[in-house]
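Structure assessment
Read off the chains here:
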Amino acid sequence: MVKSTMMDFPLTLTHIFERTPKLFGKTEIVSRMPDKSLHRYTYRDFYERTRRLAHALLEAGVKKGDPVATLMWNHYAHLEAYFAIPIIGAVLHTLNLRLSPDDIAYIVNHAEDRILIVDDVLLPLYDRFKDKVSFEKVIVVPLTGKPVPEGYVDYEEFIQAVSGDFDYPQIDERDACGMCYTSGTTGRPKGVVYSHRSTVIHAFGEVMADTMCLSMRDVLLPVVPMFHANSWGLPYSGTLVGAKQVFPGPHLDAESLLDLMEAEKVTITAGVPTIWLAILNAIESNPGRWKLTPGMRMIVGGSAAPEPMIRAFDKHNLRVIHAWGMTETSPLGTFCTLKPSLDSLSEDEKYSYRAKQGLPVPFVEVRVVSDRGEEPWDGKSMGELQVRGPWITGSYHKLPPEEAEDKFTEDGWLRTGDVVVIDEEGYVKITDRTKDLIKSGGEWISSLELENAILAHPKVKGAAVIAVPHPKWMERPLAVVVPAEGEKPTAEELREFLLAKYPKWMVPDAFVFVDELPLTSVGKIHKSV
């Protein structure tokens, strides 16, 4: 019998943390502050300060497995917390500042967070739920430069009070390193706990050539918040390869982002479609104002990117690339890179592929399951997307098994709730969420497909299609439309526009025009509202 002679080397974030400053110590990390000034320092500075934060947390009594909460925007101090907390064996718990104060309080208490690190600009939000929680220590990051209020710990004083010289505790790669809660749009938020192993492997998955292709030559700007699914893992994968990282702070409006992208020569960025639609509108309203890096990759996830948006950005030499994932999948599950075998397709056919969610990332296995059982990959058979892999959650934090029965199959796959088809090439296309499908007269109608079709109309800026009760057909689609600036589309012209592509029974019975669509805490359209 032959036995392996490979070293048993643990996959922990400590190794990423120790590697980067040695190899990329001079590379910059840039953060936009609340007053729009830029904070700059290097990976070497980041390393020294992060070691101090880790040491200070140990001195404060943080032990292995303790959750430490952050209530912070995307910036350098949050990146320090991203590493300082896990490298001492504690658990980084990012709080979603866009949730209601009641939901945040519920999450804090459910996770049993002991310590909070909070931006000074977010203290008014903390004030709204502080009476419902009990932190042992609240550490305030003075982003504005103002004195930290009495009763709180000043972050800078906290980390300067120690040397940063400490011994790393023993960490197993399967130990918890991070925790995120779902946004709770269908019931109470649920906690997902990531391990060092899952987070490190996920980082390797992101930097591969046929996924995000992150490298030391990139300038990375994560628009997706660091409190949402670990900013899609980008702070870890960006640090792994030594990329220059640029953080927008609280300034997520289109003009601020475009100014930052231009000034720092950003090559790759990531966010939800609503961000990119706003950026596209700004670019087209101000031709020639911003000189962005040609071919800048714009990773889009959270919901489907309309094909017209992908085409429009191409005209500006900016490349939108589709990805799919969930809090439960760390989050990267699929990524849309076109195979060489598709090179001979027409431009229209290539755009059709680019509007799909893409191929499963290596080590993520997918299947389509309907009431009939597992469906073939033929591009026609529709069912729920189910996934499994080394960075896919197998359970929820402190959630009784009986309450999670509908989320996991008996044979161990995660039920995503996304309705998809997978074609012969292996490309996943989401047609809807199970809860958003419209059943009309026994036939299923995809709200997502209708939304993307409506968004292709030049007079439309935003669209949501929802089900409304019908006495004969059970449900019928209703379209809620945001007109493009200066336009006044009518229900009749939109109906005629859709009838050119869809049968009458699929076309919405009515169109309602609104100024804006309600969004969830992570930037998706809030259809229940």
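Details of the structure are given in the entry above.
What counts and what doesn't
- Throughout, a residue's number is its position along its own chain's written sequence, starting from 1.
- Per-residue local features of the predicted model are confined to residues with pLDDT of at least 70, and side-chain atom pairs are confined, for both listing and counting, to 80 or more; whole-chain, interface and lining totals are unaffected and use all residues.
- Note that the side-chain values use all heavy atoms of the structure and ignore hydrogens as well as water.
- DSSP calls a pair of strands paired once it identifies at least 2 bridges connecting them.
- In this description a helix means any DSSP run of H or I spanning at least four residues, a strand means any run of E spanning at least two, and both kinds are numbered starting from the N terminus.
- With a 1.4 Å probe rolled over the protein chains alone, any residue whose accessible area is under 20% of its type maximum counts as buried; one over 50% counts as exposed, and the rest are partly exposed.
- The contact criterion used throughout is that any non-hydrogen atoms of two residues lie within 4.5 Å.
- A side-chain nitrogen of Lys or Arg and a carboxyl oxygen of Asp or Glu constitute a salt bridge if their distance falls within 4 Å.
- Any pair of Phe, Tyr and Trp rings, taking the six-membered ring for Trp, is counted once the centres come within 6.5 Å. Such a pair is stacked with planes under 30 degrees apart, edge-to-face with planes over 60 apart, and tilted for the rest.
- Counted as over-ring charges are cases with an Arg CZ or a Lys NZ within 6 Å of the ring centre that also lie within 35 degrees of the ring normal.
- Only the stretch in contact is used when a helix axis is fitted, and all axes are lines through C-alpha atoms; the angle between N-to-C directions ranges over 0 to 180 degrees.

Quick word on the sheet that holds strand β1 (residues 28-32)
Sheets are built from strands that pair by backbone hydrogen bonding, the pairs being arranged parallel or antiparallel. Taken in spatial order, the nine strands make up an open sheet running β2-β1-β11-β10-β12-β13-β14-β15-β16, and their pairing is mixed. Strands at the two margins of the open sheet, each flanked by one partner only, are β2 (38-42) and β16 (359-360).

Points about the environment of Leu-125
You can see Leu-125 is positioned in helix α5 (residues 123-127). Leu-125 gets classed as buried once you look at its relative accessible area, which sits at 12%. Between the alpha carbons of Leu-125 and Pro-101 there is a distance of 7.4 Å; along the sequence they are 24 residues apart. The contacts of Leu-125, once residues within four sequence positions are left out, are Leu-71, Leu-97, Pro-101 and Ile-104.

Remarks on the environment of Val-364
Mapped onto the fold, Val-364 is located in the loop between β16 and β17 (365-370). Spatially, the C-alpha atoms of Val-364 and Leu-79 are 27 Å apart, while their sequence positions differ by 285 residues. Setting aside residues up to four positions removed in sequence, Val-364 forms contacts with Leu-332, Gly-333, Arg-388 and Trp-391.

Details of the pattern of salt bridges
Taken as a whole and judged by the stated rule, the model has 30 salt bridges. The shortest N-O distance in the salt bridge between Asp-103 and Arg-188 comes to 3.2 Å. In this pair, Asp-103 sits in helix α4 (residues 101-111) while Arg-188 sits in the loop between β8 (176-181) and β9 (191-195), placing the two residues 85 residues apart along the sequence. The partner of Asp-218 in a salt bridge is Arg-297, and the shortest N-O contact between them spans 2.8 Å. Of this pair, Asp-218 sits in the loop between α7 (196-207) and β10 (219-222) while Arg-297 sits in strand β13 (residues 297-300); the two residues are 79 residues apart in sequence, bridging distant segments of the chain. Per residue, the accessibility class of Asp-218 equals that of Arg-297, and both read buried.

Overview of the side chain of Thr-199
Position of Thr-199 among the secondary structure elements: in helix α7. In this structure Thr-199 touches Leu-13, Cys-177, Tyr-194 and Tyr-236, once residues within four positions along its chain are discounted.

Side note on the packing of aromatic side chains
Applying the stated criterion across every chain yields a total of 15 aromatic pairs. Relative to Tyr-152, the ring of Tyr-126 lies with its centre 6.2 Å away and its plane at 65°, an arrangement referred to as edge-to-face. Linking Tyr-126 in helix α5 with Tyr-152 in the loop between β6 (137-141) and β7 (153-154), this pair joins segments that are 26 residues apart in sequence. By relative accessible area, Tyr-152 is classed as partly exposed at 23%. Taken together, the aromatic side chains of Phe-17, Tyr-43, Phe-46, Tyr-47, Tyr-82, Phe-83 and Tyr-236 make up a single cluster linked through ring pairs. Above the face of the Phe-166 ring, Arg-51 is positioned so that its terminal group lies 4.4 Å from the ring centre. Cation over ring: Arg-51 sits above Tyr-168, and NZ or CZ is 5.0 Å from the ring centre.

Details of the sheet that holds strand β4 (residues 91-94)
Within the open sheet, the seven strands sit side by side as β7-β6-β5-β3-β4-β8-β9. Their pairing is mixed. Two strands bound the open sheet, and with one partner strand each, they are β7 and β9. Inspection of the sheet shows strand β3 (residues 67-71) paired to strand β5 (residues 115-119) by four bridges, in the parallel sense. Within β5, the position partnered with Thr-70 by the bridge is Ile-117. In the packing of α7 onto the sheet, the strands contacted are β8 and β9, and the crossing angle to β9 comes to about 75°.

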